[in-house]
Amino acid sequence: MDDQFRVPDGRLTPAPACTRVLSLSGGGYRGLYTARLLARIEESERFGNEGAPIGERFDLIAGTSVGGILAAGLAAGVSARELHAMLAQWGPTIFPKLFGSALRKLFSEKVYSAEPLELAIVACLDGWAGKRLSEIDKPLMLTTVSWSLGELRLLRSRGLAGDDADTCTLLEAARASSAAPAHFPAMLLDGDWHVDGGLAANCPDAHALNQAQRRGVPVRMLSVGTTGVRHRSVPSRLPLRGFAWAQPALALSMEAQERMAQATCARELRERYLHLNSDAGADQDVLRGLDIATPDATAALTRLADQRFEDLLANADESRRLRLIMSDG
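Residues numbered from 1 in each chain as written. Predicted model: local features only at pLDDT ≥ 70, side-chain atom pairs only at ≥ 80, totals over all residues. Heavy atoms only, no water.

- In the annotation of an unreviewed UniProt entry, the entry for the protein reads Patatin-like phospholipase, and the organism field reads Paraburkholderia eburnea.

What follows is the structure in structure tokens.
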């Protein structure tokens, strides 16, 4: 069977030369950065794509939270360019300006209604919202967290898990992955409440790698982040007590997990791994929250993504890695 590969339903097909993985991190409205950067790559002849939906260039697509929504859309055959346009359109509706939103996050069950988020997900899925993961042949993995069990759950399609695929719909999976506590209500799956996968795997790279390695062929991975604000070693700015720790502690936990996942994949895959992201830099105040969908935030995310793409083009090593990751052979 050296030259054959057993797909999930048991059939034998010619073995792929490798498994190309696209892994997308969570980050609320900052997912606009992810979609924009992917759209620029999608439209670039430099990487052999020439405008075809970028999801077609990958054998496994994984995502968390907004990255899960984008991953689901790409698995459905939607282009990154279309997903970027839809996020820009729906962002202000999903995250409307609310008076006292900071206090609401501390004391309310949820801040935002789930309906606009669900409508946006339906728009991104282009008719696939009602499809069950157990009916989807494209290998797809979304992360979520079981509230009662307190553990990470990987929601997997038939193309990835075969008979063990999850039976929830693609809409339900995307909602469960993006149900950020204090922002959106939890999602009920299989009799259990689920919340945002970012609580345990905001960067799903390591889990995507584990799933891909089960196919028994070399793995190549493109990982894309969502910018965000990095913590700086300034002791005077450390929160000292109480509620002041709530948001920084969550952000710090997510950042530490992301760095560990990226380090794991970089160590195992070496030149077959590329992580693309940007530091918010001068736009830190504009992009500090996950739910800031203002014109200034949109402009900043677009500018950062465009600059990261230009840096990618100018960096010979990164360009070579990306061509390797996206190539068929």
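### Structural notes on the overall build of the protein
Okay, step 1: Scanning the protein for helices and strands turns up twelve helices and ten strands.
Okay, step 2: Counting all 329 residues of the protein, 52% fall into the buried class.
Okay, step 3: Restricting the contact set of the protein to residue pairs at least 6 apart, pairs at least 24 apart contribute 72%.
Okay, step 4: For the protein, the exposed surface amounts to about 15,000 Å²; the carbon and sulfur share of it is 52%. (Helix = DSSP H or I, 4+ residues; strand = E, 2+ residues; numbered from the N terminus. Buried < 20%, exposed > 50% of the residue type's maximum accessible area, 1.4 Å probe, protein only. Contact = heavy atoms within 4.5 Å. Areas by Shrake-Rupley, 256 points an atom, 1.4 Å probe, with all protein chains shown as cover.)

### A short note on the nonpolar core
Okay, step 1: Formed by 68 residues in total, the largest nonpolar core has its most connected members in Leu22, Leu38, Ile41, Leu74 and Leu222.
Okay, step 2: Discounting chain neighbours no more than four positions away, the residues touching leucine 22 are Leu38, Phe58, Leu60, Ile61, Ala62, Leu74, Leu222 and Val224.
Okay, step 3: Counting 13 residues, the second largest nonpolar core, distinct from the first, contains Leu160, Cys265, Leu269 and Tyr273. (Core = buried A, V, L, I, M, F, W, Y, C linked by side-chain atoms within 4.5 Å.)

### Looking at the pattern of salt bridges
Okay, step 1: Under the criterion given, the structure shown has 15 salt bridges.
Okay, step 2: Here aspartate 306 ties to arginine 40 by a salt bridge, and the two come within 3.0 Å at their closest N and O atoms. With aspartate 306 in helix α11 (residues 295–314) and arginine 40 in helix α1 (residues 31–42), the pair connects residues that are 266 residues apart, well separated along the chain.
Okay, step 3: Residue arginine 303 is joined to aspartate 283 by a salt bridge in which the shortest nitrogen-to-oxygen separation is 2.9 Å. (Salt bridge = Lys/Arg side-chain N within 4 Å of Asp/Glu carboxyl O.)

### Digging into α11
Okay, step 1: Helix length check: α11 (20 residues) gives 29 Å between terminal C-alpha atoms against 28 Å at 1.5 Å per residue, within 8%.
Okay, step 2: For α11, the elements touching its buried residues are α1, α3 (80–94), β10 (273–276) and α12 (316–326). (Expected span 1.5 Å × (residues − 1).)

### Description of the side chain of glutamate 318
Okay, step 1: One can find glutamate 318 in helix α12.
Okay, step 2: When its relative accessible area of 14% is taken as the criterion, glutamate 318 is described as buried.
Okay, step 3: Once residues lying within four places of it in the same chain are set aside, the contact partners of glutamate 318 are Leu274, Leu276, Arg308, Asp311 and Leu312.

### With respect to the UniProt feature "short sequence motif: GXGXXG" (unreviewed entry) in the protein
Okay, step 1: Taking the numbering used here, the UniProt-annotated feature "short sequence motif: GXGXXG" (unreviewed entry) corresponds to residues 26–31.
Okay, step 2: Across residues 26–31, helical content stands at 17% and strand content at 0%; the span's end C-alpha atoms are separated by 7 Å. (UniProt positions renumbered as here; feature names shortened; annotations may be inferred.)

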